Amino acid sequence: MSRPKRGLLSPLPLRARVILTFTLGTVLLAAFLVSTTYWLSRESMLRQRETASRTQFFANARQIQAQLRFPNPDFNLLLESLPSVSGSRSIVRTGSNRWYTNSLVPADLPPELVETVSGSPQAQSMRYQLLGKPHLALGIRLRPTEVSTVSDVAYFEVVPLAEIDDTLNSLGIILLVGAVVVVAIGAGIGISASGRFIQPLAEISSAATSIARGRFATRIARSEDPDLVGIVDSFIEMAQAMETRIARDARFASDVSHELRSPLMTLRASIDVMQSRRDELSERASAALELLSGEVDRFEHLVQDLLEISQSDAGAMESGPVNISELVARTVERLDRQPPVYVDEDLDNQLVIGDKRRLVQVIENLLTNATKYAGGAVAVRLQRDDNKVVIRVEDQGPGVAPSERELIFERFTRGAAARNRGSGDGAGLGLALVQEHVARHGGQVRVEARPDGERGAVFVVELPLAGQR
Amino acid sequence: MHHNGAVSIQILAVDDDDAIRTSLRLALEEEGWSVLEADSGESALLMFGRSDPDVVLIDIGLPQMDGFALCRELRRSSDVPIVMVTARVETGDIVEGLEAGADDYLTKPFAPRELAARIRALLRRAQGPTASAGPMVVGDIEIVADEGVVRKGGEEVHLTRTEFKLLCEMAAHPGKVLSREQLLESVWGYDYFGDGRLVDVHIRRLRTKVESDSAQPQYVVTVRGMGYKLQI
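Below is a summary of the structure that appears in this document. (Residues numbered from 1 in each chain as written. Chains lettered and ligands numbered in written order. Predicted model: local features only at pLDDT ≥ 70, side-chain atom pairs only at ≥ 80, totals over all residues.)

## Observations concerning the overall build of chain B
Helix and strand content of chain B: eight helices and eleven strands. Expressed as a percentage of the 232 residues in chain B, the buried residues total 41%. Nonlocal contacts in chain B, meaning residues at least 24 apart in sequence, comprise 54% of its contacts between residues at least 6 apart. (Helix = DSSP H or I, 4+ residues; strand = E, 2+ residues; numbered from the N terminus. Buried ≥ 20, exposed ≤ 12 C-beta atoms within 10 Å, placed from the backbone. Contact = placed C-beta atoms within 7 Å.)

## Remarks on unusual backbone geometry
Of the consecutive residues K108 of chain B and P109 of chain B, the connecting peptide bond is found in the cis state with omega at -5°. Secondary-structure assignment places P109 of chain B in the loop between β5 (104–107) and α5 (112–126). At L131 of chain A, a residue that is not glycine, the phi angle is positive and equals roughly 50°. Inspection of the secondary structure assignment puts L131 of chain A in the loop between β3 (124–130) and β4 (133–141).

## Points about the packing of helix α7 (residues 180–188) of chain B against helix α8 (residues 196–210) of chain B
Residue and element names in this part refer to chain B. One can describe the packing of α7 onto α8 by two numbers: an axis separation of 9 Å at closest approach and a directional angle of 80°. Considering their axes alone, α7 and α8 lie roughly perpendicular with respect to each other. Contact residues: R180, L183, L184 and W188 in α7; G196, L198 and V199 in α8. Residue composition of the contact of α7 with α8, grouped by class: five nonpolar, one polar and one charged. (Axes fitted to C-alpha atoms, helices over the stretch in contact; angles between N-to-C directions. Parallel < 35°, antiparallel > 145°, perpendicular 65-115°, else oblique. Nonpolar A, V, L, I, M, F, W, Y, C, P; charged D, E, K, R; others polar.)

## Some remarks on the interface of chain A and chain B
As a measure of interface size, the accessible area lost when the parts come together is often cited. Residue-level contacts link 23 residues of chain A with 23 residues of chain B. If you list the elements that add at least two residues to the side of chain A that touches chain B, you get α5 (226–276), α6 (283–314), β6 (320–323) and α8 (356–374) of chain A. Residue contributions to the side of chain A that touches chain B peak at twelve residues, all from α5 of chain A. In the side of chain A that touches chain B, the residues fall into nine nonpolar, six polar and eight charged.

## Quick notes on helix α10 (residues 430–440) of chain A
Residue and element names in this part refer to chain A. In terms of burial, α10 is a largely internal element, nine of the eleven residues being buried. Listing the buried residues of α10 in full gives G430, L431, A432, L433, V434, Q435, E436, H437 and V438. One or two residues past the end of α10 sits G442, with phi positive at roughly 75°.

## Remarks on helix α7 (residues 324–333) of chain A
Considered for burial, the residues of α7 of chain A that qualify are I324, L327, V328 and T331 of chain A. Buried residues in α7 of chain A, looked at end-on, bunch into an arc of 95°, giving them a common side. (Arc of directions from axis to C-beta.)

## Points about the pairing of strand β3 (residues 55–59) of chain B
Residue and element names in this part refer to chain B. Of all five residues in β3, five are buried; the element is thus mostly enclosed. On β3, burial covers both faces: V55, L57 and D59 on one face and V56 and I58 on the other are all buried. Of the pairings in the sheet, the one linking strand β1 (residues 10–14) to β3 comprises four bridges and is parallel in character. Counted as the bridge partner of V14 is I58 from β3. Of the pairings in the sheet, the one linking β3 to strand β4 (residues 82–86) comprises four bridges and is parallel in character. (Pairing = 2+ DSSP bridges.)

## Some points on the packing of helix α6 (residues 161–171) of chain B against α8 of chain B
All names here are of chain B. The interhelical angle for the contact between α6 and α8, taken along N-to-C directions, is 90°, at an axis separation of 10 Å. Judged by the angle between their axes, α6 and α8 are roughly perpendicular. Of the residues in α8, those touching α6 at T162, E163, L166 and L167 are H202, R205 and L206.

## Focus: the pairing of strand β9 (residues 377–385) of chain A
Residue and element names in this part refer to chain A. Where strand β7 (residues 341–343) lies against β9, three bridges are found, and the strand directions are parallel. Residue pairing for β9: V341 is matched across the bridge by V380. Pairing between β9 and strand β10 (residues 388–395): eight bridges, direction antiparallel. In the sheet register, A379 faces β10, and the bridge partner there is E394. Hairpin remark: β9 followed by β10, antiparallel, with two residues in the connecting loop; positive phi at D386, about 60°.

On their own, these measurements won't tell you what the molecule is for.
This is how it looks when you write it as structure tokens:
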């Protein structure tokens, strides 16, 4: 059989995969949006600032150019009169190395710019880092005039971009926070969507578990979702078919045993009459009557057990508080040869919620089993284990081989001990009933070897406790 | 005409199965009782009117008028002890039979000795309480055990003998919680293994008669996990 290909995420549970996919998707989307927004904003802000600075720069340059019409322009005064927009600073160079400035030193200018300005009639600009802060540097070589005594005049301006950077940082933080929020929302949607997506599956799974535990009437709600209709409907159909079938089987068993009850009633009553008139019978007739009576007893038990099993399939269980240690003690008291009953002190008056009749039958069947195959129970112990009561029925018989320890609780099976006995005085339903009754009370039954290594078996029943009377 | 002592006890056995009816008659006659047979609810009603039996044994699965209907019909005019017999042990049948007014039930196949024991317990109950006690008043309820009379707000309440015995048993231990097992033993003569539903259903029926609001009982109260008590 070829197994479906396993994806990268497939070792994870389905729901985790859905959530993870959603989250990853939002992370990628958020990262893309955030970076795009950031870069677009940054470019547009820088361009705006550059344009504004450039406009101002050209205005300033024109003023300086105008001063060149005079023979000896006072550049220092001029520079002071120039408007400074957003912290821009200016410097004028004449000749090859004469600088006029009021705040900017020539070393602050990027040398590359100074060089390109000297060699080109065009205005130049560049972004650069000054003292670790981003700045924009602009420069232009002015046109020489005939009157001016100065030649080779260049005008430079440096505009700080730091405040744009601050704005961009704030924007970045806002975008980052936004992205985190978006991712969180994405993950949240993933969780809720996957929950909704998984829910029908979870419902089906819990319904299946419930059905497996014997609650055949368990149903799930029909789905409106076209993607789920198929699986949900076929599940409902399957559950219905199974319930119908089990109910039919149970009804058949129940009908059969009911039909058997009427002739049994007549047999039982007639045998009773004959037994009370035994003196009138010959010895041979009396012996035959004993045989008949014994077989009718056996038949009666079989029908009873069959009916019990069919009811166990069909449902209907009484439920009420039962004092478990009292029930065990009273059941043991009914035996001819009574084993000692040891009860933990903290089990006094502890209650089990259940069907008294069925619980009596559990203990009774275990005791009968011990009587039939192991010479009778030698001890019954009730212990408390947290919120459970553990009932142990011990015998000194041949024990149960490990290979048979599960098998003997199945219907119509009997262990080696039972098979070795010539007369078949049991149909093999006693322990099956124990198992089913105990399971219906939310408990467990198993058989163990005796802990002290002696010959014999211990049947252990665990039932949940419901509190104290 | 009621029978007592040496005079034969008369039992009306209602079952549509001839073989069962005949074998039961044979077995009950071994106990020294006389048995009337009816094969349907309708003929049982006729026979009941003519013969006034001491105990009625009703099979639930009768044709036409079923055992429940017959039981309800008898209860309209009589508090004769009724034992229901059923081949269906599903919870529903037994509880419905008890609610229809049966005092006790047996499931087929039962040992005739068991039936005889149930009938004797019912006859003892029918003779009324042995210990004579003075009248007892609980709230607006007055119990006169000697006369077999219960009054609520001055008006006589009609109880079956089992209901009456149940009430007397609780009144004999006012305020004390009696477990189902105790009541099964003292009222029905069962041991620990009797069916607690007998008690539950009879308590329910008793409540509809003596409580002003049987959903919120003031007198016959349930003590969860323990049993019932008569609140004083």
